Every structure is written in structure tokens, then in C-alpha cells.
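Per-entry structural report
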Amino acid sequence: MQRYFANVIDNKVILSKDDEHHVINVMRSRVGDEIEVVSDSNLYLCAINSVKPLEILVKSRLDSNKTNTNITLFFALAKGEKIDFVIQKATELGAKNIVLVSTKRCVVKLDNDDFNKKLVRYTKIAKESAEQSHRLEIPNILGVYSIDKIPSELLKGNLYVAYEKEKGDTSSFYEELNKMPKDNDVGIIIGPEGGFDPEEIVKLNSKGFKNVSLGNRILRTETAAVYALSVIGFSLER
Ligand code: SAH
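Note on numbering: residues in each chain are counted from 1, in written sequence order. Since the coordinates come from a predicted model, pLDDT governs what is reported: local features require at least 70, and pairs of side-chain atoms require 80 or more to be given and counted, while whole-chain, interface and lining totals use all residues. Side-chain descriptors were evaluated using all non-hydrogen atoms of the structure, hydrogens and water having been removed beforehand.

Take the nonpolar core next. Grouped together as the largest cluster of nonpolar side chains are 37 residues, with contacts concentrated most on Leu73, Phe75, Leu100, Phe173, Ile188 and Ile190. Should any heavy atoms of two residues lie within 4.5 Å, those residues are considered in contact. When neighbours within four sequence positions are excluded, Phe173 is seen to be in contact with Tyr160, Ile188, Val212, Ser213, Leu214, Ala228, Val231 and Ile232. Among the nonpolar cores identified, the runner-up in size contains 15 residues, and Phe74, Val99, Val161 and Tyr163 belong to it. Side-chain atoms within 4.5 Å are what join buried Ala, Val, Leu, Ile, Met, Phe, Trp, Tyr and Cys residues into a set we call a nonpolar core. Exposed residues in this analysis have more than 50% of their type's maximum accessible area, buried residues have under 20%, and partly exposed residues fall in between, with area computed by a 1.4 Å probe over protein chains only.

Shown next as C-alpha cells:
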């Protein structure tokens, strides 16, 4: 069933203009058709009550399988289309926060003005991906921070740095995740195309990030992000 993020006020669904267009012209909805709506992380079953003008009413509240674990992906700035790709995939895989980080070897520079301009597009990608993947939340997209300036409220729970020089295979990361108490927050940081500088690894370790290996192959930065979040997701399914 089609799912939208919207506001629910007095049992009425208030959609964005884009989503109204989607319901009317793309889905060609008719009176009686049902949709799911997420509002304030609650999930509702709703029905079209009238098309012209569009009126959608809540029928019931649905059980939503909410987990309490917040997953934060820290992603070093990579070339533009990789950031778009990672935002889409990280949303599907359940990231609550996607934090862009600028590190020594980042080739791409993105200052705060550029970031704010791009945020509209990033948020649109995340919203569509959250709807498509039936997530209850649109992730927060934050940045751009240097490692030193990452806000402390984002440094909670079990923190990991994906480091290709760390020996071992992915199962040690998976076991590490399985040991952690349920509902603990998890954060993972992925380096840029050129990897982390060893000094940055030391700095991250002092902030509580533990080195983890994603196997003995070198993955591209965007693959590493998707893979790490998949391992985290798999571990949370236990
Ligand atoms: N510059 C390095 C590779 C960087 S890969 C080189 O060419 O040797 C980009 C990022 O993906 C890394 O910073 C790391 O965070 C992550 N990554 C890729 N492969 C990994 C692996 N096998 N284990 C852990 N992290 C990995």
C-alpha cells in the first residue's frame, strides 16, 4: 500500500502539495481507496473520502514494529552522486541520522552554504526513500562537520569506525553488535575514497569509535556504507 509522510489533525490527513499531486494524478486514487500515513512516527490506515477537493480521513491506527535503536551513519564527503545514493540507501536500511563529515582526504569540499542549498534535495531523497521502504521516520541529514566538531549528542551508544587496516572479517563486527544491549544506539563512520588518515583514526578512537573491519576486500566508500548498515540491520533483527 502507498505510504506518505503527512500531518494528521482531527483525523484528517494534510498532505504536501507534491503528495496531493501523487495521490490524485499518479495513483489516480478514487473514493474509498486506502493509503498509509505516517505522522509523528505513528502509522495510520486512511481512506480517500473525496477527490475534488481531496479529503483523506484516518480509519485506524496500525501497529508499526518500531525499534528504539537509533542508527547514525557518519559519511565522509564523497562525490555528489555518491552522497545522493548513500542517503537513499541509508534511509532504506534504517539510519535515523545521516551526518556528512569532512576529513583530510576528502576531495570534495562542501561548505555550509552549499550544504544548506543541497539539503532540500537530500531531504526529498530521504523522504521518498522512507516512504518507499515503509520507514516511520525521515532521517535527519546533518553536516558538514569536521571530526572535531561532531556534536556530542550524536556521539551516543556504540560507535564504530570502518577501517580497512583493521584485521579480521565482518563477523567480529557482527558479534560485537550482537553483544550490545538491545535498544542501544549505534553509530558508524565511513571514510572518503582515499580512506582515513591514521591520525584521524587515533582521534576517532579517543572519541569512543572502535575500529571494525568489513572484511579483507577494499570496498568503495558508498559500498562500505551500505554494507555496514546492512550488518547493523541484520544484527538488530535478532
Ligand atoms: N584508501 C583506501 C580505501 C578507502 S575505502 C585504499 O585505497 O586502500 C573508503 C572507506 O570505506 C574507508 O575509509 C573505510 O571507512 C571503508 N572501507 C572500505 N573497505 C573496508 C573494509 N574492508 N573494512 C573496513 N572499512 C572499509
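Cis geometry marks the peptide bond from Lys52 to Pro53, where omega comes out at -5°. Labels follow the DSSP assignment, with helices taken as runs of H or I lasting at least four residues and strands as runs of E lasting at least two, numbered in each case from the N terminus. On the secondary structure map, Pro53 appears in the loop between strand E5 (42-50) and strand E6 (55-62). In this structure, Val144 follows Gly143 across a cis peptide bond, with omega equal to -10°. Note on placement: Val144 falls in strand E9 (residues 140-146). Even without being glycine, Ser41 reaches a positive phi, approximately 65°. Turning to its location among the elements, Ser41 is positioned in the loop between strand E4 (34-39) and E5. Residue His134 is not a glycine yet carries a positive backbone phi of 60°.

To estimate how far a helix should extend, the number of its residues minus one is multiplied by 1.5 Å. Helix length check: helix H2 (residues 80-92), at 13 residues, gives a terminal C-alpha distance of 19 Å against a target of 18 Å (1.5 Å per residue), a fit within 8%. Here H2 has its buried residues at Lys82, Ile83, Asp84, Val86, Ile87, Ala90 and Thr91. Elements that come into contact with the buried residues of H2 comprise strand E7 (71-76), strand E8 (97-102), helix H3 (112-132), E9 and helix H6 (221-236). Directly after H2, the chain includes Gly94, whose backbone phi takes a positive value near 95°.

Inspection of the secondary structure assignment puts Asp19 in helix H1 (residues 17-26). In this structure Asp19 touches Tyr4, Phe5, Lys127 and Glu131, once residues within four positions along its chain are discounted.

Another point: the site of the ligand. Nearness is defined per residue: one heavy atom within 4 Å of the molecule or strand is enough. Around the ligand, a shell composed of 19 residues is seen, among which Ala162, Gly191, Leu214, Gly215 and Arg217 lie nearest. The contact in question runs from a nitrogen atom of the ligand to an N or O atom on the backbone of Glu193, over 3.5 Å. Each polar contact in these results corresponds to two N or O atoms within 3.5 Å; when the atoms are within protein, one needs to be able to donate a hydrogen and the other to accept it, and residues that are neighboring in sequence are counted only if both atoms are side-chain atoms. Contact distances for the ligand include 2.8 Å between a nitrogen atom and a backbone N or O atom of Leu214. Contact with the protein chains hides 84% of the accessible area of the ligand, taken as 550 Å² for the molecule alone. All accessible areas in this document rest on Shrake-Rupley with a 1.4 Å probe, and a residue is counted as covered only by the protein chains that are shown.

It is worth spelling out the sheet that holds strand E11 (residues 186-190) at this point. Strand order in this open sheet of 6 strands is E9-E8-E7-E11-E10-E12, and the pairing throughout is parallel. Of all the strands in the sheet, the pair left with one neighbour each is E9 and strand E12 (209-212). Between one strand axis and the next, the sheet turns by 25° as a mean value, whatever way the strands run. Pairing between two strands requires that DSSP report at least two bridges joining them. Of the strand pairs in this sheet, strand E10 (residues 158-162) and E12 are connected by 4 bridges, and their pairing is parallel. Across the sheet, residue Val161 finds its bridge partner in E12, namely Asn211. For helices, the fitted line uses only the C-alpha atoms of the stretch in contact; every axis is such a line through C-alpha atoms, and the angle between N-to-C directions lies from 0 to 180 degrees. Sheet contacts for H3: E8 and E9; angle to E9, the most-contacted strand, approximately 150°.

Positionally, Ser50 belongs in strand E5. Through-space distance from the C-alpha of Ser50 to that of Gly32 is 8.3 Å; in sequence the pair is 18 residues apart. Beyond its immediate stretch of four places on either side in the chain, Ser50 contacts Val31 and Glu55. At a separation of 2.3 Å, a polar atom in the side chain of Ser50 contacts the main-chain carbonyl oxygen of Pro53.

What follows concerns the pattern of salt bridges. Where charged atoms from two side chains of opposite charge come close, those side chains can pair. By definition here, a salt bridge exists when the distance from a side-chain nitrogen of Lys or Arg to a carboxyl oxygen of Asp or Glu is within 4 Å. Applying the stated rule across the entire model yields 17 salt bridges. Put simply, Lys124 and Glu128 hold a salt bridge, and the shortest N to O gap is 3.3 Å. With a gap of 4 residues between them, Lys124 and Glu128 both fall in helix H3, about one helical turn apart. The shortest N-O distance in the salt bridge between Asp148 and Lys203 comes to 3.2 Å. You can see Asp148 sitting in the loop between E9 and E10 and its partner Lys203 sitting in helix H5 (residues 198-206), a full 55 residues away along the chain. Given a relative accessible area of 48%, Asp148 falls into the partly exposed group.

Structural measurements only, silent on function.
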